[in-house]
Amino acid sequence: MTDSTSVDGRFVAFMRAAQAGDADAYAQLMREITPRIRFVVRSRRKFLSADDIEDLVQDVLLSVHAVRATYDPSRPFMPWLLAIIRNRLADAARRYARRTRQEVFVDNLDVTFAGESANSIKETYADPEALRLAIQTLPDGQRSAIEMLKLREMSLKEAAAACGTSIGALKIATHRAMTALRKKLMRNND
Amino acid sequence: MIKDTEGLIRRLAQNVEPVRPLPNPWIRTAVWLGVSVPYLVVVMIIMTPQQHLSAMVSDPRFVIEQISALLAGLAAAVAAFATIIPGYRRRLLLVPLLPFVVWFTSLGQGCLQDLARHGVQASLLPHDPLCFLFIVLFGAVPGIAMVVMLRRGAPLTPRLTAAIAGLAAAGIGNFALRLVHPEDVSVMMLVWHVGGVFILSVLAGGAGHYVFNWRLLTAPSRNSAQ
């Protein structure tokens, strides 16, 4: 009690001098109250990171500086300071809530638009029977490439070994097969 | 975020200038009255006080209503000045309640008497809607003076501060208005005068956040520290 009273008395003296324009007393006051502000902020906002806590501490210091004329030297200092800290913390919480309300969380989608033109990479086809018939009409080399790489999901190396052909030739056959299938299926849709 | 807190402290201390501590809310209310009363008197003289004012002053109900309206305005001013002092007694916010209750009670009693005496139709006589504008006119300078004075304080409760300040300015404006404006039946007094005071108070409360806010207050020192 006596200790806190004497500490508060020291703050009052510093603040009185600061209000008179004493820069040293003001710096000393700021340095002494900063750990107290940090302690209050940390104990009331346990979930915040160290950077966010320091942000709030600085915010309180700036606020104290801006309204130092509202301190009445005939009254205790700490209730005045605590009222500012409480207010700035509540303000920060309101700001955070407002910011969160304005943010929209979205899934990381593969495509940017729902339109068909934006989904050119999508290779699934809605009519499996039509796709099966279309594959049947492909030349032998292209059909085998599609069956092995797309249907059985073999690697290029495995498929090349199975066909007895090179990887390059297999790639070309797959590309031609995909182009032919796309054209055929689009014709069917029309 | 500013780079380091110690650097911020050094900058703030370097730029510290002498400030005069704000006087307590009672003294500030007296200063506010000192600014507002001459303006109100000038407007009242321009608008010519009511001819029957001396007779009205002998009516106890008129006197009670005027005193309570004036006290409500003054108490609201004290409360508004208290809201900008960190750690100040919040009980002061309750002080305007008593005169407001007296004011309402007196007006409510007058309404009932008018209704009993003249009936509903007679009590709803058309009223000059300029009343509301007159309250704005009378409350303008007291309101501006109060905003200027309140901006020297801490914007702890911007909307509440502005609403109470609006109540104080419109309350004192209404007090002056009744000295120059023809007396009306109580129902319409309640609607236009009390309603007008409250509408101004609500409007002021809505704008409070724009007039009193920490961002404006701390911007100069924040900019100089970055």
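None of these values were measured; they are calculated from a predicted model.

Visitor: Please give an account of the overall build of chain B that cites residues and values.
Guide: A tally of helices and strands in chain B yields 9 helices and 0 strands. Counting from the amino terminus, helix and strand elements in chain B follow one another as α-α-α-α-α-α-α-α-α. Relative to its 226 residues, chain B shows a buried fraction of 47%. Entry remark: accessible area of chain B is about 11000 Å², with carbon and sulfur atoms responsible for 70%.

Visitor: Which residues make up the layout of surface pockets, and what values do they have?
Guide: If a probe as big as a water molecule is rolled over the atoms, it shows which places are left empty. Roughly 950 Å³ of volume is contained in the largest pocket. In terms of lining, the largest pocket is formed by 36 residues, of which the most central are Asp59(A), Arg88(A), Asp91(A), Ala92(A) and Arg95(A). For the lining of the largest pocket, the secondary structure elements donating two or more residues are helix 3 (50-66) and helix 4 (78-102) of chain A together with helix 7 (158-180), helix 8 (186-211) and helix 9 (214-225) of chain B. Residue contributions to the lining of the largest pocket peak at 10 residues, all from helix 4 of chain A. Of the residues contributing to the lining of the largest pocket, the split by class is 17 nonpolar, 6 polar and 13 charged.

Visitor: Any chance you could break down the environment of Tyr26(A) for me, citing the residues and the numbers?
Guide: Assignment of secondary structure puts Tyr26(A) in helix 2 (residues 23-44). Note: C-alpha distance between Tyr26(A) and His65(A) (39 residues apart in sequence) is 9.5 Å. Discounting chain neighbours no more than four positions away, the residues touching Tyr26(A) are Ala18(A), His65(A), Arg68(A), Leu12(B), Ala13(B) and Val16(B).

Visitor: I'd love a proper account of the pattern of salt bridges, names of residues and values included.
Guide: All told, the structure shown has 12 salt bridges over all chains when counted by the stated rule. Here Arg132(A) and Glu129(A) are joined by a salt bridge, their closest N and O atoms 2.8 Å apart. Highlighted residues: Arg132(A) and Glu129(A), both in helix 5 (residues 128-136), separated by 3 residues, approximately one helical turn. Look at Arg132(A) and you get partly exposed, because its relative accessible area is 42%. Accessibility expressed as a relative area gives 42% for Glu129(A), which makes it partly exposed. Two residues, Arg10(B) and Glu6(B), come together in a salt bridge whose shortest N-O distance is 3.6 Å. Note that Arg10(B) and Glu6(B) are positioned in helix 1 (residues 5-14) at a spacing of 4 residues, about one turn of the helix. Judged by its relative accessible area of 29%, Glu6(B) is partly exposed. A cluster of three or more residues bridged by salt bridges with shared partners is formed by Asp59(A), Arg88(A), Asp91(A), Arg94(A) and Arg95(A).

Reading the values: the criteria
Residues numbered from 1 in each chain as written. Chains lettered and ligands numbered in written order. Predicted model: local features only at pLDDT ≥ 70, side-chain atom pairs only at ≥ 80, totals over all residues. Heavy atoms only, no water. Helix = DSSP H or I, 4+ residues; strand = E, 2+ residues; numbered from the N terminus. Buried < 20%, exposed > 50% of the residue type's maximum accessible area, 1.4 Å probe, protein only. Areas by Shrake-Rupley, 256 points an atom, 1.4 Å probe, with all protein chains shown as cover. 1 Å grid on protein atoms, 1.4 Å probe; cavity = no way out; pocket = protein on both sides within 12 Å on 5 of 7 lines; lining within 4 Å. Points joined across faces, edges and corners; volume = space filled by probe spheres on them. Nonpolar A, V, L, I, M, F, W, Y, C, P; charged D, E, K, R; others polar. Contact = heavy atoms within 4.5 Å. Salt bridge = Lys/Arg side-chain N within 4 Å of Asp/Glu carboxyl O.

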